[in-house]
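What follows is each chain in one-letter form.
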Amino acid sequence: MKIAFYSTKPYDRIYFEPMSRDYGIEIRFFEVPCNAETVPLANGYDALCIFVNDYINEAMTEQLARMGVTTILLRCAGFNNVDVKAAAKNGIHVLRVPSYSPEAVAEFAMALLLTVNRHTHRAFTRTRDFNMNINGLMGTDLHGKTAGVIGTGRIGQAMIRILKGFGMEIIAYDPYPNDKLGIAYDTIENVFKKSDVITLHCPLTPETKHIVEAKTIELMKDGVFLINTSRGDLIRTEDLIEGLLQKKFAGVGLDVYDEEGGVFYEDRSNDIIDDENLARLSTFPNVLITSHMGFFTKEAVRAIAETTLENADAVQKGLELKNEVQ
Ligand code: NAD
């Protein structure tokens with residue numbers, strides 16, 4: 001099998017290069033993202049391998065089918081960026097990595113919470129400059145507070161284990177509650193109302209798009225913490241900015257953003273940023289933005305390569321496609 005690999009970064013090669021040789025799979029690494037303009041690069045390949053900010057729409061699936069591409073390999077869990085129905089209509093398999101290290105993302109969500117709460121990022125810049133003043137860096141105890149977890153799948157469950165370790169009370173919302181977790185589920189409105197910390201761990205779907213917007217922000221406690229490591233579009237950014245201006249939030253940690261494409265994973269430090277919302281968000285002292293890196297541990301990156309290549313191998317050998325997205 002020959003794979004056209006889009007949005008390549010140096011760290012992708014660490015595991016994919018040696019492992020692909022073991023499978024007898026040939027990979028051509030392209031640095032460009034996958035989009036309508038770059039999709040012709042996949043001509044002559046059996047599969048393409050894409051990441052979170054690449055996209056494949058209906059017209060592109062038709063083009064891929066004409067080029068003889070049979071498989072789309074997502075090296076991530078979410079698949080909101082691929083028109084899965086159009087791919088199926090054009091006879092193209094879509095496979096993903098449903099789980100690699102839920103702990104990696106949950107631990108990162110907790111890192112965001114601890115950072116925005118205790119201002120360690122700001123303390124670092126102060127002490128590095130020998131400014132040992134701690135004014136403005138007061139946090140709050142997490143112990144005994146209520147954490148609202150939206151989405152109790154793999155990452156949500158890992159997050160619950162961590163939050164419990166901090167002595168927090170857990171309430172959760174998930175349309176498919178899991179009785180085995182021994183936690184209290186409630187309506188989504190009540191989770192928004194009762195929580196001191198809200199952490200989002202549901203996928204992006206038509207139902208969850210803008211799950212955090214003006215009306216739901218209004219339900220939240222004053223001084224709430226909001227953490228999003230799932231997908232940017234779960235939050236309506238304009239409304240988040242308005243909530244921040246109204247001083248609703250004690251802290252907001254965002255590993256994802258609705259307009260990540262072309263900005264996240266890139267060095268844009270010499271450019272004029274024309275995204276007004278992103279520019280505004282980064283001015284708030286109580287907002288921490290990271291570049292979609294919750295997954296970024298050695299264990300997770302290795303597991304992503306393993307599963308992606310297993311998926312490719314299953315296609316080339318005609319085996320059962322257990323990670324196919326339907
Ligand atoms: P999962 O499929 O194991 O769990 C998702 C949970 O969300 C399920 O329990 C599901 O029932 C629930 N859910 C579905 N619709 C919902 C709704 N309307 N409201 C509340 N809950 C709902 O997925 P996971 O492995 O836990 O991953 C969760 C999300 O995390 C992924 O969809 C992806 O967007 C994101 N993610 C981010 C990173 C990162 O690097 N930041 C890495 C991996 C995954």
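Computed from a predicted structure; not experimentally measured.

## So, the layout of surface pockets
In step 1: As a volume, the largest pocket reaches approximately 1300 Å³.
In step 2: Residue lining of the largest pocket: 44 residues in total, with Gly78, His201, Cys202, Pro203 and Leu204 positioned closest to the centre.
In step 3: Looking at the lining of the largest pocket, the elements with two or more residues in it are helix H4 (102-118) and helix H6 (154-165).
In step 4: Class assignment of the residues belonging to the lining of the largest pocket gives a composition of 25 nonpolar, 13 polar and six charged.

## Things to note about the pairing of strand E3 (residues 47-50)
In step 1: Residue alternation in E3 divides its side chains into two sets, Ala47 and Cys49 and Leu48 and Ile50, and both sets are buried.
In step 2: Here strand E1 (residues 2-5) pairs with E3 via three bridges, running parallel. Within E3, the position partnered with Phe5 by the bridge is Cys49.
In step 3: Of the pairings in the sheet, the one linking E3 to strand E4 (residues 71-74) comprises four bridges and is parallel in character. For Leu48, the partnering residue across the bridge sits in E4 and is Ile72.
In step 4: As for the winding sense of the linkage, the β-α-β connection from E3 through helix H2 (residues 58-66) to E4 is right-handed.

## Quick word on the pairing of strand E9 (residues 197-200)
In step 1: What you see with E9 is no split at all: Val197 and Thr199 on one side and Ile198 and Leu200 on the other are buried throughout.
In step 2: Relative to E9, strand E6 (residues 146-150) is paired through four bridges, and the arrangement is parallel. In the sheet register, Ile150 faces E9, and the bridge partner there is Leu200.
In step 3: Both E9 and strand E10 (residues 224-228) contribute to a ladder of four bridges, which runs parallel. Bridge pairing links Thr199 to Ile227 in E10.

## Considerations on the packing of aromatic side chains
In step 1: All chains considered together, the criterion is met by nine aromatic pairs.
In step 2: For the ring pair Phe5 and Phe16, a centre distance of 4.8 Å and an interplane angle of 70° mean the geometry is edge-to-face. Of this pair, Phe5 sits in strand E1 while Phe16 sits in helix H1 (residues 10-23), placing them 11 residues apart in sequence.
In step 3: Judged by its relative accessible area of 0%, Phe5 is buried.
In step 4: Note on Tyr257 and Phe264: the rings are 6.3 Å apart at their centroids and 20° apart in plane angle, and the pair reads as stacked. Side by side, Tyr257 and Phe264 carry an identical accessibility label, which is buried.
In step 5: The rings of Tyr11, Phe51, Tyr265, Phe295 and Phe296 are connected pair by pair, giving a single aromatic cluster.
In step 6: For Lys2, the ring lying beneath its charged end belongs to Tyr45, and the centroid distance is 5.3 Å.

## Some words on the domain arrangement of the chain
In step 1: Split by domain assignment, the chain resolves into domain 1 (2-100 + 297-317) and domain 2 (102-289).
In step 2: The gap between the C-alpha centroids of domain 1 and domain 2 is 30 Å.
In step 3: Tallying the contact residues gives 13 residues for domain 1 and 10 residues for domain 2.
In step 4: A combined buried area of about 950 Å² lies between domain 1 and domain 2, and 51% of that area is made up of carbon and sulfur atoms.
In step 5: Along the contact surface separating domain 1 from domain 2 lie one salt bridge.

## Side note on unusual backbone geometry
In step 1: Even without being glycine, His119 reaches a positive phi, approximately 60°.
In step 2: Turning to its location among the elements, His119 is positioned in the loop between H4 and helix H5 (120-128).
In step 3: Judged by relative accessible area, which is 8%, His119 ranks as buried.
In step 4: The backbone phi angle of His210 is positive, close to 55°, even though this residue is not glycine.
In step 5: Here His210 lies in the loop between E9 and helix H8 (214-219).

What counts, and at which threshold
- All residue numbers refer to position in the chain's written sequence, counted from 1.
- For a predicted model such as this one, the threshold for reporting local features is a pLDDT of at least 70, and the threshold for listing and counting side-chain atom pairs is 80 or more; totals across whole chains, interfaces and linings nevertheless cover every residue.
- Only hydrogens and water are removed before side-chain values are computed, so all heavy atoms of the structure are retained for them.
- Cavities and pockets are found on a 1 Å grid laid over the protein atoms alone: a cavity is a set of points where a 1.4 Å probe fits but cannot escape, a pocket is an open set with protein on both sides within 12 Å along at least five of seven lines, and a lining residue has an atom within 4 Å of such a point.
- Grid points are joined across faces, edges and corners, and a volume is the space filled by probe spheres set on the points.
- In DSSP terms, a helix is any run of H or I states spanning at least four residues, a strand is any run of E spanning at least two, and both are numbered starting from the N terminus.
- Under the scheme applied, nonpolar residues are Ala, Val, Leu, Ile, Met, Phe, Trp, Tyr, Cys and Pro; charged residues are Asp, Glu, Lys and Arg; polar residues are all the others, including Gly.
- The buried label applies to any residue whose accessible area, calculated with a 1.4 Å probe on protein chains only, is under 20% of its type's maximum; exposed applies above 50%, and partly exposed to all values in between.
- DSSP bridges decide pairing: two strands pair if at least two such bridges lie between them.
- Here is how to tell: hold the view so the strands point away, follow the path from the first strand over the helix to the second, and if it runs clockwise the crossover is right-handed.
- Classification of ring pairs uses Phe, Tyr and Trp, with its six-membered ring standing for Trp, and accepts pairs whose centres are within 6.5 Å; under 30 degrees between planes counts as stacked, over 60 as edge-to-face, and the remaining range as tilted.
- The criterion is that NZ of a Lys, or CZ of an Arg, lies within 6 Å of the ring centre and within 35 degrees of the ring normal, and then a charge sits over that ring.
- Domain start and stop positions are those given by an automatic or database domain assignment.
- When checking whether two residues touch, look at their non-hydrogen atoms; a contact exists if any pair is within 4.5 Å.
- What gets called buried area is simply the loss in accessible area from a 1.4 Å probe that two parts show on being joined, summed for both.
- We count a salt bridge whenever a side-chain nitrogen from Lys or Arg sits within 4 Å of a carboxyl oxygen from Asp or Glu.

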